Amino acid sequence: MMFVRSLGDGAELRPLEPWQAEEFFAHIERGRDFIGQHIAFADAAKDLDGARNLLQRYADKAAGDAARICGIWLDDKLVGGVMLREMDVKQARTEVGCWLEPAATGKGLITRAARVLIDWAIRERGMHRVEWLVSSENAPSIAVARRLGMTKDGVLRSYFLHRGVRQDLEVWSVLAPEWES
């Protein structure tokens, strides 16, 4: 996919792989409560083995052209990431996900990293539809979808249970012709 992409201001987007599990786990530990407010991603890496398994699942999916995961490093410290959670190459559809530890918020890192990933998905992998699925309670993530020029397709009411609380799920998307213009 890519080795290293500069995001500016000392930030880089790099593939996140199983051999980086210790660094990934330390990063998740720093941001676990914050990251876990709206997404179950942090809960999947409860310990080092869980972190390694999560990264291995993404490596296996990447080998099958079904997903990708990249980390965001700021001044050589892993602070977050973006991913193509699922890629359906046949249907030319993918879903972007993201996470960030609290110390790295407010710097535009997710917007810049997601822009690189979406651009790659559309221009290199031929995706026609890129989705952004987000809890209606996650205002910062909704703001990123807007900054990326996505359209709100709708709300799936009471769609998922997160930490014992029912959440509405907003569906945002951008289509290849919209992205390329």
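First, a word on scope: everything that follows refers to the structure included in this document. (Residues numbered from 1 in each chain as written. Predicted model: local features only at pLDDT ≥ 70, side-chain atom pairs only at ≥ 80, totals over all residues. Heavy atoms only, no water.)

### Thoughts on the packing of aromatic side chains
To be explicit about the condition: Whether two aromatic rings pair depends on their centres lying within 6.5 Å, for rings of Phe, Tyr and Trp, where Trp uses its six-membered ring; planes under 30 degrees apart make the pair stacked, over 60 edge-to-face, and the rest tilted. The helix and strand labels rest on DSSP assignments: H or I over at least four residues marks a helix, E over at least two residues marks a strand, and numbering proceeds from the N terminus. Accessibility here uses a 1.4 Å probe with only protein chains present; expressed as a share of the type maximum, an area under 20% marks a residue as buried, one over 50% as exposed, and anything in between as partly exposed.
Following the criterion strictly, the structure yields three aromatic pairs and no others. For the ring pair Phe24 and Phe41, a centre distance of 6.0 Å and an interplane angle of 70° mean the geometry is edge-to-face. Residue Phe24 is found in helix H1 (residues 21-35), and its partner Phe41 is found in the loop between H1 and helix H2 (48-63); the two are separated by 17 residues along the sequence. Classification of Phe24 as buried rests on a relative accessible area of 0%. Ring plane angle 35° and centroid distance 4.4 Å describe the contact between Phe41 and Trp99, whose orientation is recorded as tilted. Of this pair, Phe41 sits in the loop between H1 and H2 while Trp99 sits in strand S5 (residues 93-100), and the two are 58 residues apart along the sequence. Residue classification places Phe41 among the buried positions, given a relative accessible area of 11%. Overall, Trp99 belongs to the buried group, its relative accessible area being 3%. Ring pairing ties together the aromatic residues Phe24, Phe41 and Trp99, which thus form one cluster.

### Points about the pairing of strand S4 (residues 77-88)
Stated precisely, the cut-off is as follows: Pairing between strands requires that DSSP locate at least two bridges from one strand to the other.
As paired strands, strand S3 (residues 68-74) and S4 are joined by seven bridges and run antiparallel to one another. Bridge pairing in S4 links Ile69 to Met83. Following S4, the chain reverses through four residues before pairing antiparallel with S5; Ala92 in that reversal takes a positive phi of roughly 60°.

### Observations regarding the sheet that holds strand S2 (residues 11-15)
Within a sheet, adjacent strands bond to each other through the backbone by hydrogen bonds, running parallel or antiparallel. Selection rule: Here the axes come from fitting lines to C-alpha atoms, over the contacting stretch only for helices, and the angles between their N-to-C directions go from 0 to 180 degrees. Here, two residues are considered to be in contact whenever any of their heavy atoms come within 4.5 Å of each other.
The eight strands lie next to each other as S1-S2-S3-S4-S5-S6-S8-S7, forming an open sheet whose pairing is mixed. The two strands at the open ends of the sheet, each matched to only one other strand, are strand S1 (5-8) and strand S7 (151-162). The sheet shows a mean angle of 25° between the axes of neighbouring strands, direction not considered. Summarising the sheet, S5 and strand S6 (residues 129-135) pair through four bridges and their orientation is parallel. From the neighbouring strand, Val96 faces S6, where its bridge partner is Trp132. Running over the sheet, H1 touches S3, S4 and S5 and is turned about 85° from S4.

### Considering the pairing of S6
Applied cut-off: If the strands point away from the viewer and the path from the first strand over the helix to the second runs clockwise, then the crossover is right-handed.
Among the seven residues that make up S6, five are buried, leaving the element largely enclosed by the rest of the structure. With helix H3 (residues 109-123) bridging S5 and the parallel S6, this β-α-β connection has right-handed handedness. Sheet topology places S6 next to strand S8 (residues 165-175); seven bridges connect them, and they run antiparallel. If you follow Arg129 over to S8, its bridge partner there is Leu175.

### Some remarks on unusual backbone geometry
At Asp9, a residue that is not glycine, the phi angle is positive and equals roughly 55°. Locating Asp9 in the fold gives a position in the loop between S1 and S2. Despite not being glycine, Asp65 has its phi angle at roughly 60°, a positive value. By the element assignment, Asp65 lies in the loop between H2 and S3. Residue Asp65 is classed as partly exposed on the basis of its relative accessible area of 23%.

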